[in-house]
Amino acid sequence: MFPAGSSGFGTLTSGGFLAALSQTPTAALAAEIGGQTLTPGVYSLAAVATLTGTLTLDGTGYTDPQWIFQGLTGTGSLDTASASSIIFAGGANPCDVLWAIPTKVVLG
């Protein structure tokens, strides 16, 4: 874990968080995000995103891999199944992932 208010993105102030949210997505993901291997980038999520399988975040070949997942403003949510998981491969680190989900996250 990382200290409160900090991550691989540096200290998360409201300005830093808003700056991360203002990044232009590099790809849009389908509603189900499991079963994929994603390289670092900024991803927009469907209105209701689900994770029912395994999501792999692969930082192979990147010096400072980071992932930003942006939910739809005002309506975005993320639902995860109890058997879902995230694999961090190739230098990926949980501290380098920012989940910006505006309404709710349900952990299964």
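Since this is a predicted model, take the numbers as computed values, not measurements. (Residues numbered from 1 in each chain as written. Predicted model: local features only at pLDDT ≥ 70, side-chain atom pairs only at ≥ 80, totals over all residues. Heavy atoms only, no water.)

## Observations concerning the side chain of Thr56
- With respect to the element layout, Thr56 can be found in strand β7 (residues 54–58).
- With residues up to four places along the chain from it excluded, the contact list for Thr56 reads Gln36, Thr37, Leu38, Ile87 and Ala89. (Helix = DSSP H or I, 4+ residues; strand = E, 2+ residues; numbered from the N terminus. Contact = heavy atoms within 4.5 Å.)

## A short note on the side chain of Thr80
- If you trace the backbone, Thr80 turns up in strand β9 (residues 77–80).
- A relative accessible area of 16% means that Thr80 is categorised as buried.
- Other than its neighbours up to four places away in sequence, Thr80 contacts Leu51, Val106, Leu107 and Gly108. (Buried < 20%, exposed > 50% of the residue type's maximum accessible area, 1.4 Å probe, protein only.)

## Here's the deal with the nonpolar core
- Judged by nonpolar contacts, the single largest core of 15 residues is most densely connected at Leu38, Leu57, Trp67 and Phe69.
- Secondary-structure elements contributing two or more residues to this core are β6 (48–51), β7 and β8 (67–70).
- Those residues in contact with Phe69 that sit more than four places away from it in its chain are Leu29, Leu38, Tyr43, Leu45, Leu55, Leu57, Val97, Leu98, Trp99 and Ala100. (Core = buried A, V, L, I, M, F, W, Y, C linked by side-chain atoms within 4.5 Å.)

## Quick look at the sheet that holds β7
- Judged by pairing direction, the sheet is parallel, and its three strands sit side by side in the order β4-β7-β10 without closing on themselves. A single partner strand is all that each edge strand has here, and the edge strands are β4 (36–38) and β10 (85–89). Across the sheet, the mean angle from the axis of one strand to that of its neighbour is 20°, orientation sign disregarded.
- Bridging between β4 and β7 involves three bridges; their strand directions are parallel. Looking at β7, one finds that Leu38 is bridged to Leu57. (Pairing = 2+ DSSP bridges. Axes fitted to C-alpha atoms, helices over the stretch in contact; angles between N-to-C directions.)

## Notes on the sheet that holds strand β5 (residues 41–44)
- Within the open sheet, the four strands sit side by side as β3-β5-β8-β11. Their pairing is parallel. Looking at strand neighbours, the two that pair on one side only are β3 (27–28) and β11 (97–100), the edges of this open sheet.
- Pairing geometry for β3 and β5, over two bridges, is parallel. Bridge pairing in β5 places Ala27 opposite Tyr43.

## Describing the packing of aromatic side chains
- One pass over the structure, following the stated rule, counts two aromatic pairs.
- When the ring of Tyr43 is compared with that of Phe69, the centres are 5.6 Å apart and the planes differ by 20°; the resulting orientation is stacked. A residue pair is termed long-range when its members are at least 10 positions apart, and Tyr43 in strand β5 and Phe69 in strand β8 qualify at 26 residues.
- Note on Phe69 and Trp99: the rings are 4.3 Å apart at their centroids and 15° apart in plane angle, and the pair reads as stacked. Of the two residues, Phe69 is situated in strand β8 and Trp99 in strand β11; the sequence distance between them amounts to 30 residues.
- Its relative accessible area of 0% is what places Phe69 among the buried residues.
- Exposure remark for Trp99: the relative accessible area of 28% places this residue in the partly exposed category.
- These aromatic residues form a ring-pair network of at least three members: Tyr43, Phe69 and Trp99. (Phe/Tyr/Trp six-rings, centres within 6.5 Å; stacked < 30°, edge-to-face > 60°.)

As far as function goes, none of this settles anything; it's purely spatial.
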